[in-house]
Amino acid sequence: MSGTEMVPFGGILSERSIEAVAAYIRSFNADLADPDAVPDEDTIVTVPQQRPFPPTEETVAQGQELWESNSCSDCHGDNGEGTSDQTDDADLPIVMDSFLDGYYKAGTTDADLYRTIATGMK
C-alpha cells in the first residue's frame, strides 16, 4: 500500500496464495468469514461512480456541517490534519494520516472517498 510500510506483492504471490491470504484476513471477522455469504440488503452501500453534484460553496458548507455534527474532528482534527489524542483498546495511540497530504489509504477517487466515508476503514 503506497505510503505505508506494506511492501508490494505484485508478481510475488500466486493467485492461490492471494486467495489464501484473503481467506485468512476474512477470518478476522465472523461477518466476512464465509465468502459465499449474502449481505443483508440494509447494509449494502451503493457507491456512485461520479460526483452526484458539483463542489460549490453550498455543498462544501453542507459537508462542513456534517463533519462537525458527526464529530469527525475528534479523530481527524479540525482541518483534517490528522491529529488525535485518542487511544485504542490496548491504550496505544490512534494515528490518523493527514488529509492535507492528498494521500488516502482506500483511494483518491470520488467513489473511493464515498465508500470510505459510508463504510469506514474496516
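Residues numbered from 1 in each chain as written. Predicted model: local features only at pLDDT ≥ 70, side-chain atom pairs only at ≥ 80, totals over all residues. Heavy atoms only, no water.

### So, the packing of aromatic side chains
So, step 1. Per the stated rule, a full pass over the model turns up two aromatic pairs.
So, step 2. Ring plane angle 75° and centroid distance 4.9 Å describe the contact between Tyr24 and Phe28, whose orientation is recorded as edge-to-face.
So, step 3. Overall, the relative accessible area of 53% leaves Tyr24 in the exposed class.
So, step 4. Overall, the relative accessible area of 58% leaves Phe28 in the exposed class. (Phe/Tyr/Trp six-rings, centres within 6.5 Å; stacked < 30°, edge-to-face > 60°. Buried < 20%, exposed > 50% of the residue type's maximum accessible area, 1.4 Å probe, protein only.)

### Considering a nonpolar patch on the surface
So, step 1. A surface patch of nonpolar side chains, about 700 Å² in accessible area, is lined by Ile12, Leu13, Ile18, Val21, Tyr24, Ile25 and Phe28.
So, step 2. Note on placement: Tyr24 falls in helix α1 (residues 15–26). (Patch = residues over 30% accessible without salt bridge, like charges linked within 9 Å, V, L, I, M, F, W, Y side chains within 5 Å. Areas by Shrake-Rupley, 256 points an atom, 1.4 Å probe, with all protein chains shown as cover. Salt bridge = Lys/Arg side-chain N within 4 Å of Asp/Glu carboxyl O. Helix = DSSP H or I, 4+ residues; strand = E, 2+ residues; numbered from the N terminus.)

### Quick word on the environment of Ser69
So, step 1. Within the element layout of this structure, Ser69 appears in helix α2 (residues 57–69).
So, step 2. At 3.3 Å, the side chain of Ser69 and the backbone oxygen of Leu66 are in polar contact. (Polar contact = N/O pair within 3.5 Å; in protein donor to acceptor, adjacent residues only side chain to side chain.)

### With respect to the confidence of the model for the protein
So, step 1. Confidence in the prediction of the protein, expressed as mean pLDDT, is 81, and 89% of residues score 70 or more.
So, step 2. The lowest-confidence element of the protein is helix α3 (residues 73–76), averaging 81 in pLDDT; the highest-confidence one is α2, averaging 92. (pLDDT = per-residue confidence, 0-100.)

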